[in-house]
Amino acid sequence: MAARKSDIPRPKAKSRRTGRSSPPPLNLDEELLEFLPPPPLGLGEDELLYHRMLGRVRTAVDPKDMVEEIWCRDLVDLTLDCFRLRRLKAGWFRLMSMKHLDGFLEPIVEDKEQRADLVDGVAKEDPSAEAKAKAIIRATGSELDLIGTFALVDEIEFVERIDRLIMQSEARRNIVLREIDRRRDVAARRVRETLGDIEDAMVEEVADPRPSK
Amino acid sequence: MRSTPRVTANRRNAKMSTGPRSQDGKSRVARNAIRHSLAVPVANVYELRTVADRLTTTLMSSRLEPEQAARIAEAQVDLSRVRQARATLLAQALAIATRREANPGPALVNLLRDLERTERYERRAFSRRKSAIRLNALIDE
């Protein structure tokens, strides 16, 4: 297996800033698990899935130090946050659609149990329940989709609040990506400067071959 | 400039609205700061301070200045606990949203409000960490 760059021992050199000697190379895999706080997971969420996602992100980012490791964790945490919020939005919308459907059917299907079964069937996407509900609703001159639309209109404030939270998480994720770019740019500039210095040092001054007058 | 009688009246009125009066109200507001414990500084909680100290040591081995490493570690621990709180709240909200309850609306609205409250803690910790990392990069340059 090819060694990662972070595993390659660096030459011992005095730090320009503080005069400290260079630290020993990090074994980031072990230190990540040991020193960072545990992943933020809700009850019943799969830790293995989290670490699989983290593994993929780390492969893509190829973190060079602990700060970049922290950013990798951020990317996973914020992505999961967005997933959870989107699921919440979908769950809320489904709940409210069913509530509106129940309200719409109340004067038509008076038997409470029969109505609850019908609404449950639509919620579970049972084709026969859907067909029955559609037929009942169409007889009144309306459509099943319209009921969903009314639910959205009524609950738009809640949906917007969730959307705002999603936007904030996405914005933070973008900031992290920009920070990674920024740091890599600085590193690339430093490499360019170093290479320039090396080239300068290697260039020998050639004496003018022409005889001096 | 406000007139003296108005200032006097404001001060007199302000004395009439200085928080809850009943014992129950007083004990409730006394617990305001520890409702979700996200406002408690990392340094005041032994377990969190231990995690932050260990992270500081690790960050220092990544060529970070001790002061910046401590700032980054503290902000990171803050971020982690805010995100844990958010994940727990979202798990509760998702559990309610997938159950068929008679009236899940109020419970979900309350959970959403709690989620929104965690936002400012995350924003502050995130910003503190970003500044500390950038400051360190500037020192490094």
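This section reports on the structure supplied with the text. (Residues numbered from 1 in each chain as written. Chains lettered and ligands numbered in written order. Predicted model: local features only at pLDDT ≥ 70, side-chain atom pairs only at ≥ 80, totals over all residues. Heavy atoms only, no water.)

Before going further, it helps to examine the overall build of chain B. The helix and strand inventory of chain B stands at 5 helices and 0 strands. The linear arrangement of helices and strands in chain B, starting from the amino end, is α-α-α-α-α. On C-alpha atoms alone, chain B measures out to a radius of gyration of 22 Å, which is more than a quarter above the 14 Å that the 2.2 N^0.38 rule sets for 141 residues. Taking the principal axes of the C-alpha coordinates as reference, chain B spans close to 60 × 60 × 30 Å. (Helix = DSSP H or I, 4+ residues; strand = E, 2+ residues; numbered from the N terminus. Rg over C-alpha atoms; globule rule 2.2 N^0.38 Å.)

This model, assessed by the stated rule, comprises 2 cavities of 30 Å³ or more. Here the largest cavity is characterised by a volume of approximately 50 Å³. Every residue along the wall of the largest cavity is listed here: P40(A), R73(A), D77(A), Q76(B), L79(B), S80(B) and R83(B). Counting residues per element, the ones that place at least two in the lining of the largest cavity are α3 (66-105) of chain A together with α4 (66-98) of chain B. Counted by class, the lining of the largest cavity contains 2 nonpolar, 2 polar and 3 charged residues. Considered as a void within the structure, the second largest cavity measures approximately 40 Å³ in volume. For the second largest cavity, the full set of lining residues is P40(A), D77(A), D81(A), R84(A), R83(B), R86(B) and A87(B). Mapped onto the lining of the second largest cavity, the elements with two or more residues apiece are α3 of chain A together with α4 of chain B. When its residues are assigned to classes, the lining of the second largest cavity shows 2 nonpolar, no polar and 5 charged. (1 Å grid on protein atoms, 1.4 Å probe; cavity = no way out; pocket = protein on both sides within 12 Å on 5 of 7 lines; lining within 4 Å. Points joined across faces, edges and corners; volume = space filled by probe spheres on them. Nonpolar A, V, L, I, M, F, W, Y, C, P; charged D, E, K, R; others polar.)

The interface is formed by 52 residues belonging to chain A together with 47 residues belonging to chain B. Interface area, chain A with chain B, both sides summed: about 4600 Å², of which 58% is carbon and sulfur. Inspection of the chain A/chain B interface yields 8 salt bridges. Ionic pairing is found between D74(A) and R83(B), a salt bridge with its closest N-O pair at 2.6 Å. (Contact = heavy atoms within 4.5 Å. Buried area = accessible area lost by both parts, 1.4 Å probe. Salt bridge = Lys/Arg side-chain N within 4 Å of Asp/Glu carboxyl O.)

In this section: the packing of α3(A) against helix α4 (residues 112-123) of chain A. All names here are of chain A. It is at 10 Å that the axes of α3 and α4 come closest, and there the two elements cross at 145 degrees. For the element pair α3 and α4, the recorded crossing hand is right-handed. Taken together, the residues of α4 that come into contact with α3 (itself represented by R94, M98, L101, D102 and L105) are R115, L118, V119, V122 and A123. Partitioned by chemical class, the residues of the contact of α3 with α4 number 7 nonpolar, no polar and 3 charged. (Axes fitted to C-alpha atoms, helices over the stretch in contact; angles between N-to-C directions. Left-handed = near helix turned anticlockwise from the far one by under 90°.)

The next point concerns unusual backbone geometry. Look at D62(A): it is not a glycine, yet its phi comes out positive at around 55 degrees. Its place among the elements puts D62(A) in the loop between α2 (47-61) and α3.

Our next topic: a positive patch on the surface. All names here are of chain B. Taken together, the side chains of R2, R6, R11 and K15 present a region of like positive charge at the surface. Examined against the element boundaries, K15 turns out to sit in the loop between α1 (4-14) and α2 (23-30). What makes K15 exposed here is its relative accessible area of 69%. (Patch = residues over 30% accessible without salt bridge, like charges linked within 9 Å, V, L, I, M, F, W, Y side chains within 5 Å. Areas by Shrake-Rupley, 256 points an atom, 1.4 Å probe, with all protein chains shown as cover. Lys, Arg positive; Asp, Glu negative; His and termini not counted. Charge placed at Lys NZ, Arg CZ, Asp CG, Glu CD. Buried < 20%, exposed > 50% of the residue type's maximum accessible area, 1.4 Å probe, protein only.)

Residues and elements named next belong to chain A. By the element assignment, V159 lies in helix α7 (residues 156-202). When the C-alpha atoms of V159 and R86 are compared, they prove to be 9.9 Å apart, with 73 residues separating the residues in sequence. Discounting chain neighbours no more than four positions away, the residues touching V159 are K89, W92 and L152.

Let's shift gears to α3(A). Structurally, the α-helix is built with 3.6 residues per turn, so residues lying three or four positions apart point the same way. Residue and element names in this part refer to chain A. With 40 residues, α3 extends 58 Å between its outermost C-alpha atoms, agreeing within 8% with the 58 Å of an ideal straight helix rising 1.5 Å per residue. When you tally the buried positions in α3, you get 29 out of 40 residues, the bulk of the element. Between the side-chain oxygen at the start of α3 and the backbone nitrogen of V67 there is a gap of 3.2 Å, and the oxygen is on D65. (Expected span 1.5 Å × (residues − 1). Polar contact = N/O pair within 3.5 Å; in protein donor to acceptor, adjacent residues only side chain to side chain.)

What follows is about the packing of aromatic side chains. How two aromatic rings sit relative to each other is set out by the distance from centre to centre and by the angle between their planes. Applying the stated rule across the entire model yields 1 aromatic pair over all chains. Ring geometry for W92(A) against F158(A): centres 3.6 Å apart, planes inclined by 20 degrees, an arrangement best described as stacked. Here W92(A), found in helix α3, pairs with F158(A), found in helix α7; they are 66 residues apart in sequence, far enough to count as distant. F158(A) shares its class with W92(A); the two are buried. The positively charged end of R172(A) is found above the aromatic ring belonging to F126(B), 5.8 Å away from the centroid. (Phe/Tyr/Trp six-rings, centres within 6.5 Å; stacked < 30°, edge-to-face > 60°. Lys NZ or Arg CZ within 6 Å of the ring centre and 35° of its normal.)

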